[in-house]
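# Working through the structure, step by step
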Amino acid sequence: MAKVNENYLRLPGSYLFSRIGKKVEEYKADHPRADIIRLGIGDVTQPIAPEIIRALHGAVDEMGQADTFRGYAPDLGYEFLRSVIAEKDYRDRGCSVTADEVFVSDGAKCDCGNIQEIFGLDNRIAVCDPVYPVYVDSNVMAGRTGEYDPRTGKYQDVIYMPCGRENGFVPDFPKEAPDLIYLCFPNNPTGAVIKKDQLQGWVDYANAHDAVILYDAAYEAYISEEDVPHSIYECQGARGCAIEFRSFSKTAGFTGLRLGFTVIPKELETDGVRLWPLWARRHGTKYNGAPYIIQRAGEAVYSEVGRRQVREQIAYYMENARIILQGLSEAGFDVSGGKNAPYIWLKTPGSMTSWEFFDYLLEQANVVGTPGSGFGPNGEGYFRLTAFGSRENTIEAMKRISELGA
Ligand code: PLP
């Protein structure tokens, strides 16, 4: 008889956004005329920038000509994209990353979820709490997390590093030493960032404890303040302990096109084994490359015109973030984030739980956000709003929330 992977049975409930979707559908069924504004899921709403569309058209036309047609893409990505990434995202910022250390993929979610495959099952993982759920869930599926305790909302073998007001939403070093440390900055969901010296502290910690940092920089393009690192490779010694994930999704609106990449320095090794060849082997075995036309679209993001256009889009979303931050503060909410990230993190009023506040906001203001508890036990009592809506919806949502008050 075929057996299932029982680790999957340890995952509690359905995925956060399915539960939100279900609740909204139920509400709509009972209130068909409700004008619901969705500031919940972190998906972009602005159309793809014209320069990227131009590149897509060009690449599509190439596919229709015998002499420019392309079949399978190279597993690790086309050289034209890998080299422009290494140059513009890294060398121009003073980080030494070479084109062959860049692994192109169809997005950061897969890479963040799959990277754990190259590590042994006996590694102890540490995660920020709250954080993007994929890190924990992918380790649960692999069988690295132990049992789930519904009372605490925690897996027994995972080291949860609380991120709250008291530490500026940046984790303290854990008491127990982890082997794999997931860090995500700018953070989803809190919108918090880590300062250069704090990240340097983590790099030094990882090097001192022979740990590997899995650094998710999916939102680096939203950083506006000085002294906030865009890449972990800005820190001394990071090439010896860190893997970095990046995404075109929020940088350039590729949530539907799909493109991302992972950087693994050639010399990075653990337990005497280099990680670059393991990830190359995994990529080559389980992945057949991101589509040519999408990689050409990715290349266009780095052209002068493309870069200007995507920056304008980011500025649009960040103006939404400013409107949300200001609206909520004036309404008396305790808010953070929203300055270097498209996420605003607010404390739920009184003693409301995250899900109670979700229902309250849906019913009283017809605004959908994301309950903080869906990102980890320490997110309980918090709520996330995103800046990815249209300007009109963002302003209207703030008007409705302000009328309710904190
Ligand atoms: N990492 C973080 C922190 C995210 O919030 C997201 C998407 O929401 C991703 C990765 C996934 O990005 P992609 O669309 O490239 O798969």
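Residues numbered from 1 in each chain as written. Predicted model: local features only at pLDDT ≥ 70, side-chain atom pairs only at ≥ 80, totals over all residues. Heavy atoms only, no water.

### Things to note about the site of the ligand
In plain terms, the rule: Near residues are defined by distance, with any heavy atom within 4 Å of the molecule or strand qualifying the residue. What qualifies as a polar contact is a pair of N or O atoms within 3.5 Å, subject to a donor-acceptor requirement within protein and to the restriction that residues adjacent in sequence count only when both atoms come from side chains. The accessible surface values rely on the Shrake-Rupley method and a 1.4 Å probe; as for residues, cover is taken only from the protein chains in view. Cavities and pockets were defined on a 1 Å grid built over protein atoms only: a cavity is a set of grid points that admits a 1.4 Å probe from which the probe cannot escape, a pocket is an open set flanked by protein on both sides within 12 Å along at least five of seven lines, and lining residues are those with an atom within 4 Å of any such point. Cavity and pocket membership follows a simple rule, namely that a molecule belongs there if more than half of its atoms are within 2 Å of the grid points. By definition, any uninterrupted DSSP run of H or I lasting at least four residues is a helix, any uninterrupted run of E lasting at least two residues is a strand, and each is numbered from the N terminus.
Residues in close proximity to the ligand total 14 residues, the closest being Ala108, Asp216, Tyr219, Ser247 and Ser249. Here a nitrogen atom of the ligand sits 2.6 Å away from a polar atom, N or O, in the side chain of aspartate 216. Within the side chain of arginine 258, one N or O atom sits 2.7 Å away from an oxygen atom of the ligand. Compared with its free state, where it exposes 400 Å², the ligand has 91% of that area covered by protein. Given that more than half its atoms are within 2 Å of the pocket grid, the ligand belongs to the second largest pocket. Among the elements of the structure, helix 4 (108-114) and helix 7 (249-252) are those that each provide at least two residues to the shell around the ligand.

### Observations regarding the packing of aromatic side chains
When we look at a pair of aromatic rings, we describe it by the centre distance and by the angle of the planes. Inclusion rule: Pairing of aromatic side chains here covers Phe, Tyr and the six-membered ring of Trp, requires ring centres within 6.5 Å, and sorts the geometry by plane angle: under 30 degrees stacked, over 60 edge-to-face, intermediate tilted. Definition used: whenever NZ (Lys) or CZ (Arg) falls within 6 Å of the ring centre and also within 35 degrees of the ring normal, the charge is taken to sit over that ring.
Applying the stated criterion across every chain, the model contains 28 aromatic pairs. With 4.9 Å between their ring centres and 50° between their planes, tyrosine 148 and tyrosine 155 make a pair best called tilted. The ring centre of phenylalanine 80 lies 3.7 Å from the NZ or CZ of arginine 296, which sits over that ring. The positively charged end of lysine 347 is found above the aromatic ring belonging to tyrosine 382, 4.9 Å away from the centroid.

### What to know about a nonpolar patch on the surface
Formally: Patch membership requires over 30% relative accessible area and the absence of a salt bridge. Like charges are linked within 9 Å, and nonpolar side chains (Val, Leu, Ile, Met, Phe, Trp, Tyr) within 5 Å. Put simply, a salt bridge is a Lys or Arg side-chain nitrogen that is within 4 Å of an Asp or Glu carboxyl oxygen. Exposure categories follow from relative accessible area, calculated using a 1.4 Å probe and restricted to protein chains: below 20% of the type maximum is buried, above 50% is exposed, and the middle band is partly exposed.
Residues Val4, Tyr8 and Leu9 make up a contiguous nonpolar surface patch of about 350 Å² in total accessible area. By the secondary structure assignment, leucine 9 is in the segment before helix 1 (16-30). Since its relative accessible area comes to 65%, leucine 9 is described here as exposed.

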